[in-house]
Structure formats: structure tokens, C-alpha cells
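This is what each chain is made of:
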Amino acid sequence: MHDALQVRVPTGIASLDPVLEGGVPPGSAVLLLGEPGAGNVEFVQTSLIRLSRLKRDGVADEHLLLPECISYVTFTRMQEDILKEIALSFNPALYDRLGKEIVFHDLSELYFDASIVPPDWYGEGSVIERLQKKQRKENGDVLAELARAIDQCPRNSLIILDSLTDIAPPLNEGRRWHAFIAFLRGLQRAAKRRNTTIYLLLTSGILDRRRELEIADCVDATILFRWEESGAQRRQRVMYFEKFRGVMPRLEARNLVKFAVSISATEGFEVQNIRMVV
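Everything quoted here is computed from the prediction, not taken from an experiment.

Participant: Any chance you could explain the pattern of salt bridges here in plain terms?
Facilitator: It is possible for side chains bearing opposite charge to pair when their charged atoms get close. Per the stated rule, a full pass over the model turns up 17 salt bridges. In this structure, E214 and R210 form a salt bridge, with 3.7 Å as the shortest nitrogen-oxygen distance. You can see E214 and its partner R210 sitting in helix α10 (residues 209-216), four residues apart, about one turn around the helix. Residue classification places R210 among the exposed positions, given a relative accessible area of 52%. Through salt bridges with shared partners, a single ionic network connects R8, E21, R250 and R254.

Participant: Where do I start with the nonpolar core in this structure?
Facilitator: Where a protein is soluble and globular, its nonpolar side chains tend to be buried together. Counting 45 residues, the largest nonpolar core has F43, M239 and F241 as its most contacted members. For this core, the element with the most residues is helix α2 (residues 40-57), which contributes five residues. The contact partners of F43, leaving out residues within four places of it in the chain, are T11, I13, L16, L32, Y199, F225, M239 and F269. Of all hydrophobic cores here, the second largest spans 36 residues; its members include L107, V142, L184 and Y240.

Participant: Is there a simple way to explain empty space enclosed by the protein in this structure?
Facilitator: Vacant regions in the atomic arrangement are exposed by a probe of water-molecule size rolled over the atoms. Tallied over the full model, the rule gives one cavity of 30 Å³ or more. Within this model, the largest cavity holds a volume of roughly 50 Å³. Lining the largest cavity are I150, C153, P154, I159, L187, A190, A191, R194, T196 and I198. The element best represented in the lining of the largest cavity is helix α9 (residues 174-194), accounting for four residues. Per-class residue counts for the lining of the largest cavity are eight nonpolar, one polar and one charged.

Participant: Honestly, the packing of aromatic side chains in this entry has me stumped. Any pointers?
Facilitator: Given two aromatic rings, one states the distance between the centres and the angle between the planes to describe the pair. This structure, assessed with the given rule, holds nine aromatic pairs. Ring centres of F225 and F269 lie 5.9 Å apart, and the angle between their planes is 70°; this geometry places the pair in the edge-to-face category. With F225 in strand β6 (residues 221-228) and F269 in strand β9 (residues 268-275), this pair connects stretches of sequence that are 44 residues apart. The exposure class assigned to F225 is buried, which follows from its relative accessible area of 0%. Its relative accessible area of 0% is what places F269 among the buried residues. An aromatic cluster is built from F43, Y199, F225 and F269, whose rings are joined through pairwise contacts. Lying over the aromatic face of W227, R235 brings its terminal NZ or CZ to 4.1 Å of the ring centre.

Reading guide: rules and limits
- Residues numbered from 1 in each chain as written.
- Predicted model: local features only at pLDDT ≥ 70, side-chain atom pairs only at ≥ 80, totals over all residues.
- Heavy atoms only, no water.
- Salt bridge = Lys/Arg side-chain N within 4 Å of Asp/Glu carboxyl O.
- Helix = DSSP H or I, 4+ residues; strand = E, 2+ residues; numbered from the N terminus.
- Buried < 20%, exposed > 50% of the residue type's maximum accessible area, 1.4 Å probe, protein only.
- Core = buried A, V, L, I, M, F, W, Y, C linked by side-chain atoms within 4.5 Å.
- Contact = heavy atoms within 4.5 Å.
- 1 Å grid on protein atoms, 1.4 Å probe; cavity = no way out; pocket = protein on both sides within 12 Å on 5 of 7 lines; lining within 4 Å.
- Points joined across faces, edges and corners; volume = space filled by probe spheres on them.
- Nonpolar A, V, L, I, M, F, W, Y, C, P; charged D, E, K, R; others polar.
- Phe/Tyr/Trp six-rings, centres within 6.5 Å; stacked < 30°, edge-to-face > 60°.
- Lys NZ or Arg CZ within 6 Å of the ring centre and 35° of its normal.

In C-alpha cells:
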């Protein structure tokens, strides 16, 4: 049991994994809550790049567990758009490579079917084919389709949900919100049973703070990405560990809860000086 408790799923971010004693515990649901441009998206992108490389090269450490499958669930964006953004940001050669190494689940048709957006803007196939797909999904919803997509992922996977910002605001009331929170709690339970790590992206400030806290209460870890003013210098990206079940006490014992962050085309997302939250 002791050895099993030492197993970690690496984030792939070389400057962060040693702080986390190798990475995150398997089966963790991790909320990446960030101000626009503050780094939560780049955190995910860098993790995808580095983990794909580690899966190709392999790791020798018996306490490091690489995901069997990396799955990317998108609610509004196209696979090509996501891959192009990563390639433009870091390395053009990544476009084809990541396209083969990551399994994409595109739920955008279901998402947009419930909106006033014209089908020609997001749908594929003929008019008849789009109508048939819409009829097949008319009794479903985004959360139900999301559950089906997650069920397709094998055990010991890494799943990225991009992004809760797309689906949470319309559910921000009454029974729909309670159903959403129940879904997140079930998702955390499923992560444990399947030994699967899940990253949930959410833009801060879209929902009120109480709603953000409700979401944070449903996950194992909440990592906050924000901008801080640094005197006469330019704004600085900062990353906080707001909570991390099973990990936070050791981080706090070493004052490892706040990091300055940099993002570059060559290294991607990196943590720099380590500071204690005051």
C-alpha cells in the first residue's frame, strides 16, 4: 500500500513535477481556474506536449505512471483549431504528431444544436445528415454526451475537459445547477474508480465566486492562475495551489503553494521562483 501511495502521474512540466514529488496522485480531478491569459491553457498544452513525448520515450521510475490514453474533450472548438494553436505557440511539427497521439471528443454539434447558431457554421455533412444527427441527439444533453465520451476512455487515462466555461453559465440556476454539481461529484468518483486523472479548465470571473467555490468543492485540487502587478515591471503570471487533497499538507510544510510562472515558445509553461502565500 505504501508503494501504491507513492505513485504519481507526471504533469510533464519539468519545473513543477519535482515539487509534486513526481506529479499528481492517480485518480485526481484537478480544476485549473484561471484569469484570461494567465496560464491555465498553456499549462494543459505544455502537459500534452511533454506527456506525449514521455509516452514515446518511456520512463524508468517505478513510481511514475504515464496515462494509457490522453483524451481531449471540447465543447465548442474544432480539433484542427486546438492543434493549430499548440503548433503556432510552440512548434509547427506538433500538429500532426499530437493529432495522432491524442484522442479528441468533439461535442460542439450537440452544444450548438441547442443555440441559434446556423448549422452551416459548425456542422458537417449534408443538410439531411445534420438533421438526422440532430434527431438522434434531441433527447440528450451536453452532460449526458460528456458522460458517454468519458465512458469511452480506458482506465489510467488523462482527460482534459475544455472548458467548463462553455457549459456552466447556462446551467447557473435551480435544478440545472444542482444537476451540474451532482455530475461533477460523480465525475470525481469515476476518476477514482478508473484511476483516471482529469483536468477541468474554467475561466475565473465568469461565474460568481460562490459558484466557483461549489465547483472547487467537487474536485481534488484547485490550481488558480492569475495576474499580479509587480511594481514598475510588467504584470506577472502567478500560480497558486488553493487546495490539493492528500498533497496540500506537504506543500504547505515546505511553503510550496505559490509560484511565478513564465511561458515561452521553447519551454512552454514553467514555474519559477517559489513563494509562500501571505
